[in-house]
Amino acid sequence: MERREFIAVGTAAAVLSATQAFAQATGQQDSAAKMEDMHPPLYKNLESASIECVSTGNDCLRHCLGMFAMKDTSMAECADASLQLVAACNALASLAALNSSHTVALAKTVALICEDCKKQCDKFPKIAECVACGKACQKCADECRKA
């Protein structure tokens with residue numbers, strides 16, 4: 001076998017091997033996709049809304065703590081509402097992600113917590129963190145009612 005023939009055979013073998021590996025990988029991905037279809041998320045929007053509430057609630061808490069550091073306690077009720085919001089929405093996001101049978105029951109309570117937090121947020125319309133948190137609270141409460 002000459003050198004050129006050897007290189008050609010080697011290249012053909014490499015291409016064949018890569019093609020087979022690609023076919024196997026694609027087949028495995030198709031199997032994984034089918035497995036995912038077996039257990040779809042039931043509460044994806046609720047989970048997303050809850051996670052957004054956690055994020056904006058933490059932003060609000062950071063602002064409130066900054067105010068406390070400046071000896072301004074005017075946002076104490078807001079801080080309390082935000083802390084409750086973060087705790088409740090963290091729990092709800094976890095249950096929603098797991099398709100828990102307790103998701104709907106907790107969502108009813110979380111809707112009330114979101115509404116309470118939004119009332120506090122509405123007291124501070126010039127503070128960006130409060131506006132963002134209030135919007136997230138409204139969205140989450142709406143999703144909770146849909147569940």
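The structure presented is a predicted model; accordingly, all values stated were derived computationally and were not measured.

Draft legend 1. The pattern of salt bridges, seen in detail. Enumeration according to the criterion identifies 8 salt bridges in this entry. A salt bridge links E47 to K44, with the shortest nitrogen-to-oxygen separation between them at 3.7 Å. With a gap of 3 residues between them, E47 and K44 both fall in helix α2 (residues 44-69), about one helical turn apart. For E47, a relative accessible area of 14% corresponds to the buried category. Owing to a relative accessible area of 46%, K44 belongs among the partly exposed residues under this scheme. E143 is the salt-bridge partner of K146, the closest N and O atoms lying 3.2 Å from each other. Residue K146 and its partner E143 are both found in helix α5 (residues 128-146); the two are separated by 3 residues, about one turn of the helix. Within this structure, E115, D142 and R145 form a network of salt bridges that share partners.

Quick notes on the rules
Residues numbered from 1 in each chain as written. Predicted model: local features only at pLDDT ≥ 70, side-chain atom pairs only at ≥ 80, totals over all residues. Heavy atoms only, no water. Salt bridge = Lys/Arg side-chain N within 4 Å of Asp/Glu carboxyl O. Helix = DSSP H or I, 4+ residues; strand = E, 2+ residues; numbered from the N terminus. Buried < 20%, exposed > 50% of the residue type's maximum accessible area, 1.4 Å probe, protein only.

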